[in-house]
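# Architecture at a glance
Letter by letter, the chains look like this.
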Amino acid sequence: MNPNDTSRLSEEIARRRTFAIISHPDAGKTTLTEKLLLYGGAIHLAGSIKQRRNDRATTSDWMELERQRGISISTSVLQFEYRGRRMNLLDTPGHNDFSEDTYRTLAAADCAVMLIDCVKGVEPQTIKLFQVCRMRGIPIVTFINKMDRVGRDPFDLLDEIEKVLGIPCHAHTWPVGAGSAFQGVYDRLHHRMLRFERVAGGALPAPVQVGDVRDQGFRIQVGAKTHDQLLEELELLDGASVPWDREAFLAGRLTPVFFASAMTNFGVEPFLDAFVELAPGPRPRQTSLGELAPDAPGFSAFVFKIQANMDPRHRDRIAFARVCSGRFTREMTVLHARTGKELSLAKSFQFFAQDRVQVEEAWSGDVIGLWDPGVLRIGDSLCEGEPREFEGIPRFSPEHFVRVVMTDPMKRKQMKKGLEQLSEEGAVQLFYDRHRMERDPILGAVGVLQFEVTQYRLQDEYGASIRFDRLPYRHARWVEGELDPEKFERPGISSCVLEVEGRPLLLFETEFYLRRAEESNPGLTFVAAVQPGRSARARIPG
């Protein structure tokens, strides 16, 4: 790579900010996503505004079922420019039944925005996803939302974050009023008051007045009582809060906190202005050959998501890949590390939800969509030069199981194709009875809503109508060692099924039966998560 190429590589990498938003359902994640796109200039009208003849659906929810149910159940990749930065926003599912998709997506993020409802505080799904970020070493910026509603005291919210999540907080902005009296925020970093004006439906950026907090004009506008309370709270913050430390933030030991209302747009712009400076650029990644720097010259990437039928007209299959080093160019040939074969990346896209644009080049930190003929799997590595594999993206043992029953036997071929593609996406896990095999497939999922989505998509995208028979099992483990599957065939108590890669999975009705099996079989190792495509987990004699 010549000096000019090296210089451009460094410049492009420095512009990238790749982040995900994590939250408990109904904390306002989809609304915040829309407003970031609004302020980033990627859309000109927020999707929440209602039109006379038709309701505008949220931009990030591209699947028809998402629009019908009003929930996010798939990861969307949204890209926009803001203040000279290339923002790659990974909009993850909000529903906890799809937390596996969120977990996989976090593997591609360099930073996370933790969204908290000011009324409800820290909720269970938030705790779970925070722990995933901490395990992966992902810095977290906290956005306390819905300040236009009557909620918890801001000091109480900070205290709860510190006690429940175990991470100190530093408030970068502080609310001016609350509920219907929420008027804006005080920017502690730049020592300025930001007072916003309401816009109908929050469809356009909120006009803002900027001034000094001690300005008499602002005191009159916000009201003497609110102004006195603000000054008192700022004094308390200055005396008691943890000092800002960027290195501690990047190490995941401190979270900057912003107060806002995504619905009204109050506080969104100062958050985004600060976030592009706070969020780190692409970070080094661990690989089978050691740590890989983002500015390493050779191209490398890993697949973190696969999505079939994003465009119903083409019935195609797209693999989403996070570029980890070097420069991507369309039609380049790379090594597929898992198979050892060369792969031509002739069709490549960048996305705005469902809409796609063919991309000619991309850089470390970017997310690209690759047309996949069916050879890529979640966790696969692509690279130039010596083969290397990135840290795996595990598949977790399911907690719910159903047997698939065809309602139209003439559509068996379509059902088979659909189930295989949906399982490769990670939408659901596909297993087979060892004796009946493909005749009556078994599906496993972390959340029951995954079954509903699978049933809907099989009908909508593949024309296959099915129903489910619920199975009694709630615990499952892969195994390492020499396995006699018949030993675990105890109807209603335990069973042994095979996944599509041939690995056996043991199913148990209760945790008691699982623990008893572990104690009775010391020669077997029971595994709660595996990396697809990497290794066989058990040997079945004969």
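Residues numbered from 1 in each chain as written. Predicted model: local features only at pLDDT ≥ 70, side-chain atom pairs only at ≥ 80, totals over all residues. Heavy atoms only, no water.

If the charged atoms of two oppositely charged side chains come close together, the side chains can form a pair. Under the criterion given, the structure shown has 36 salt bridges. E361 is the salt-bridge partner of R327, the closest N and O atoms lying 2.9 Å from each other. A residue pair is termed long-range when its members are at least 10 positions apart, and R327 in strand β16 (residues 327-329) and E361 in strand β21 (residues 361-363) qualify at 34 residues. R467 is the partner of D469 in a salt bridge, and the nearest nitrogen-oxygen pair spans 2.7 Å. In this structure D469 comes out as partly exposed when scored by relative accessible area, which is 33%. Note on R467: relative accessible area 42%, which makes it partly exposed. When salt bridges with common partners are traced through the structure, they connect R8, E12, R15, R16, E81, R86, R327, E361 and D366 into a single cluster. (Salt bridge = Lys/Arg side-chain N within 4 Å of Asp/Glu carboxyl O. Helix = DSSP H or I, 4+ residues; strand = E, 2+ residues; numbered from the N terminus. Buried < 20%, exposed > 50% of the residue type's maximum accessible area, 1.4 Å probe, protein only.)

Here we come to the state of the cysteines. Counted according to the given criterion, the structure contains 0 disulfides. Of all cysteine sulfurs in the structure, the one in C111 sits closest to C133, which takes part in no disulfide; the separation is 8.7 Å. (Disulfide = S-S within 2.5 Å.)

Here we come to helix α5 (residues 124-136). Look at α5: 19 Å from first C-alpha to last across 13 residues, which is about the 18 Å you get at 1.5 Å a residue. Turning to α5, its buried residues are Q125, T126, L129, F130, V132, C133 and R136. The buried residues of α5 all sit within an arc of 155° when viewed along its axis, so they share a single face. In α5, those exposed residues whose orientation departs by more than 90 degrees from the buried face are P124 and M135. One or two steps after α5, the chain reaches G137, where phi turns positive at roughly 70°. (Expected span 1.5 Å × (residues − 1). Arc of directions from axis to C-beta.)

This part takes up the pairing of strand β30 (residues 494-499). Judged by how many residues are buried, β30 sits mostly within the fold: 6 of 6 residues are covered. Residues S494, C496 and L498 line one face of β30 and the alternating positions S495, V497 and E499 line the opposite face, and both faces are buried. Of the pairings in the sheet, the one linking strand β26 (residues 429-433) to β30 comprises 3 bridges and is antiparallel in character. Its bridge partner lying in β30, Y432 is registered against L498. Summarising the sheet, β30 and strand β31 (residues 504-508) pair through 5 bridges and their orientation is antiparallel. Residue pairing in the sheet places S495 in a bridge with L507 of β31. In textbook terms, the turn of a hairpin is the stretch between consecutive antiparallel strands, and for β30 and β31 this stretch comprises 4 residues, one of which, G502, has a positive phi near 90°. (Pairing = 2+ DSSP bridges.)

This part takes up the packing of helix α11 (residues 412-425) against helix α12 (residues 449-462). Packing of α11 against α12 brings their axes to within 10 Å, and their N-to-C directions diverge by 125°. In this view, α11 runs oblique relative to α12, as classed from their interaxial angle. Helix-helix and strand crossings are classified by hand; for α11 and α12 the assignment is right-handed. Contact residues: α11 offers Q414, M415, K417, G418, L419, Q421, L422 and E425, while α12 offers T454, R457, L458 and Y462. Split into classes, the residues belonging to the contact of α11 with α12 amount to 5 nonpolar, 4 polar and 3 charged. (Axes fitted to C-alpha atoms, helices over the stretch in contact; angles between N-to-C directions. Parallel < 35°, antiparallel > 145°, perpendicular 65-115°, else oblique. Left-handed = near helix turned anticlockwise from the far one by under 90°. Contact = heavy atoms within 4.5 Å. Nonpolar A, V, L, I, M, F, W, Y, C, P; charged D, E, K, R; others polar.)

Glancing now at the environment of I21. With respect to the secondary-structure elements, I21 resides in strand β1 (residues 16-23). The exposure class assigned to I21 is buried, which follows from its relative accessible area of 0%. Spatially, the C-alpha atoms of I21 and V113 are 4.7 Å apart, while their sequence positions differ by 92 residues. In this view, I21 contacts K29, L32, T33, L36, L89, L90, T92, V113 and L115; residues no more than four positions away in its chain are not counted.

Considering all chains together, one arrives at 16 aromatic pairs under this definition. Taken together, a centroid distance of 6.4 Å and an interplanar angle of 50° make the contact between F401 and F431 tilted. Placement of the pair is F401 in strand β25 (residues 400-406) and F431 in strand β26, with a sequence separation of 30 residues. When its relative accessible area of 0% is taken as the criterion, F401 is described as buried. Residue class for F431 comes out buried when judged on its relative accessible area of 1%. (Phe/Tyr/Trp six-rings, centres within 6.5 Å; stacked < 30°, edge-to-face > 60°.)

When pLDDT is averaged along the chain, the result is 87; 87% of the residues meet or exceed 70. Within the model, the stretch residues 47-57 combines pLDDT values under 50 with 11 contacts to residues more than four positions away or in other chains. Of the regions scoring below 50 in pLDDT, residues 535-542 engages in 21 contacts with residues more than four places distant in sequence or in other chains. (pLDDT = per-residue confidence, 0-100.)

With that out of the way, let us pick up the packing of helix α2 (residues 29-39) against helix α10 (residues 268-278). Describing two packed helices takes the angle between their axes plus the distance from one axis to the other. Between α2 and α10, whose axes approach to 10 Å, the crossing angle comes to 75°. Taken together, the axis directions place α2 and α10 in an arrangement best described as roughly perpendicular. Note on element contacts: α10 touches α2 through V268, E269, F271 and L272, opposite K35, L36 and Y39.

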